[in-house]
There are 2 protein chains.
Amino acid sequence: MIKLDKAKTEIEKGILNQDMIILVGDCFVDYLGRATSKLTKGKRLVLIKGDGSIAIHQNRLVKPTNYMVNTRIGCELNEGALIVKAHKQKPAEKLTISFENIHDLKRYEIEATNDLRLSGSEKDLNEILMQDLSMIEPGLKAINQQQCFRKGICDIIAEDKNGNLVIIELKRRQADFAGVTQLQRYMLQVEKLKNIKTRGILLAPSIRKNALELLEELGLEFAKLDFELTPNDKQKAKIKGLESKQQTIMEHLKK
Amino acid sequence: MIKLDKAKTEIEKGILNQDMIILVGDCFVDYLGRATSKLTKGKRLVLIKGDGSIAIHQNRLVKPTNYMVNTRIGCELNEGALIVKAHKQKPAEKLTISFENIHDLKRYEIEATNDLRLSGSEKDLNEILMQDLSMIEPGLKAINQQQCFRKGICDIIAEDKNGNLVIIELKRRQADFAGVTQLQRYMLQVEKLKNIKTRGILLAPSIRKNALELLEELGLEFAKLDFELTPNDKQKAKIKGLESKQQTIMEHLKK
DNA sequence: GCGATCAGCGGCACG
DNA sequence: CGTGCCGTTGATCGC
């Protein structure tokens, strides 16, 4: 158990030093901002980071029960309690943690690096696809990537072998309603702008059954994106569409 | 600095006991699952919870750089390093944290409660609105809430004073493209099902400019949701629509 | 278990 | 700073 006045000093030092601070103790929490919340008294872990983010963790779930980002943090003693306050404007938000006691307080000097290298994001897949769209459909040629319009940014614009403009919406995981309506929104926009008809392809590893129904009702197409994660620095991911497309051709030949 | 074999024992005890475990030390991290990632060696804080969630935190941002949920966690000593592994299936994911050293290790017995009371969610607003929709428009009457259809669940179905069916999509914050297309999707569904025309109202505190354009192009309507957070137990929030509606009437009378 | 949607979404990149 | 959108989205609730 740590004395509250000692804790106050340590927290203030830690904030000044942009340390990572860990607080464990019995507290209750009030939040007022984009919503309001109350957390009744209980033992919690509070994590304060050098960039002014603060999170109250219970012993379940990866997400904190309460949190704030980009705050100014201060603390004070009040009627035998240690109050940690986080504050920010735009939007106006306030988080108040009232500690009845503090079981443990630690602060760590940790530099605020950002060196995660992640592979397999949509952006990675998009870049690989731009090199060759024929795995989606023979003769399909990329025209533009991340084309920005007034009502959204579409992932890929291409042209098929018959000269039709093709709008492609790419999803790295199973596509849902949102992906379908996104694609439709981009298509309507381009069609209105250029006064032409377009084809729309939703490219994803799979699609929800009801979303596929909607897609087909709207006259759009689904194409399976068959990719493999490669934890390799040179190659962010490997798209296996070509092989599966060849398989499809083989199946056709059998008929 | 904590000896790695001692750390191993402590971690294993903590996991068995479903404690909250804090590890601070120099480590590198590999993740393979829905994507792949590598985090180069550095000082990090690892938070393990009783429900099998695990998160690696750097000294910035509220979100962890690496994480996993619902895992089985184990640890082992290997060539002078302590390896913490989290594992799960469906989807298959693996997280490996290799500690070169451990500066600090703590475990805390914290019960896995879930007693956050939050007010001002969309659900709260929906419930209040269902009691009286006249604040949106005189004569508007609620028919159904959270009606589930084949292609989505719409927030509120109502009937206006002329007997038209009105589909309402509610957003607790500024509405965007997604909200507009959601509303449209629900409308088209109901229209097809019942073979009638419907009105669509997007109800939100505000709406993005371009989203409003899209909304209007589609022939849908926007209604301002003027609400106030009340950190009060009896009343989850207070909708001020009535007053603003009266103001609108006053403004009309002035013309 | 999957489906659908909300979230105090957070965070990022671009204009 | 706002806009748009992805995310290893997470988490909840309903079927």
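Below is a short write-up of the structure.

Criteria and thresholds
- Residues numbered from 1 in each chain as written.
- Chains lettered and ligands numbered in written order.
- Predicted model: local features only at pLDDT ≥ 70, side-chain atom pairs only at ≥ 80, totals over all residues.
- Heavy atoms only, no water.
- Helix = DSSP H or I, 4+ residues; strand = E, 2+ residues; numbered from the N terminus.
- Buried < 20%, exposed > 50% of the residue type's maximum accessible area, 1.4 Å probe, protein only.
- Polar contact = N/O pair within 3.5 Å; in protein donor to acceptor, adjacent residues only side chain to side chain.
- Contact = heavy atoms within 4.5 Å.
- Buried area = accessible area lost by both parts, 1.4 Å probe.
- Salt bridge = Lys/Arg side-chain N within 4 Å of Asp/Glu carboxyl O.
- Nonpolar A, V, L, I, M, F, W, Y, C, P; charged D, E, K, R; others polar.
- Pairing = 2+ DSSP bridges.
- Axes fitted to C-alpha atoms, helices over the stretch in contact; angles between N-to-C directions.

Describing the side chain of Asn101 of chain A
All names here are of chain A.
Piece 1. Inspection of the secondary structure puts Asn101 in strand β7 (residues 93-108).
Piece 2. What makes Asn101 buried here is its relative accessible area of 15%.
Piece 3. A distance of 3.2 Å separates the side chain of Asn101 from the side chain of Asp26, its partner in a polar contact.
Piece 4. Side chain to side chain, Asn101 and His103 meet in a polar contact 3.1 Å long.
Piece 5. The contact partners of Asn101, leaving out residues within four places of it in the chain, are Met1, Leu4, Gly25 and Asp26.

Focus: the interface of chain A and chain B
Piece 1. Residue-level contacts link 66 residues of chain A with 66 residues of chain B.
Piece 2. Interface area, chain A with chain B, both sides summed: about 6,000 Å², of which 54% is carbon and sulfur.
Piece 3. Where chain A packs against chain B, one counts 12 salt bridges.
Piece 4. Breaking the side of chain A that touches chain B down by element, the ones donating at least two residues are β1 (20-32), β2 (36-48), β3 (54-57), β4 (66-68), β7, β8 (116-119), α3 (177-194) and α4 (209-217) of chain A.
Piece 5. Among the elements that make up the side of chain A that touches chain B, the one with the highest residue count is β2 of chain A (9 residues).
Piece 6. Here the side of chain A that touches chain B is built from residues that sort into 23 nonpolar, 20 polar and 23 charged.

Let's talk about the sheet that holds strand β11 (residues 165-170) of chain B
Note: strands within a sheet are paired through backbone hydrogen bonds, in either parallel or antiparallel orientation.
All names here are of chain B.
Piece 1. Strand order across the open sheet formed by 5 strands is β9-β10-β11-β12-β13, with mixed pairing between neighbours. Edge strands, defined here as strands with exactly one partner in the open sheet, are β9 (141-149) and β13 (221-224). Pairs of neighbouring strands in the sheet enclose a mean axial angle of 30 degrees, with direction left out of account.
Piece 2. Sheet strands in contact with helix α3 (residues 177-194) are β9, β10 (152-159), β11 and β12 (198-204), and its direction is about 155 degrees off that of β11.

Bear in mind that shape data such as this cannot, by itself, settle questions of function.
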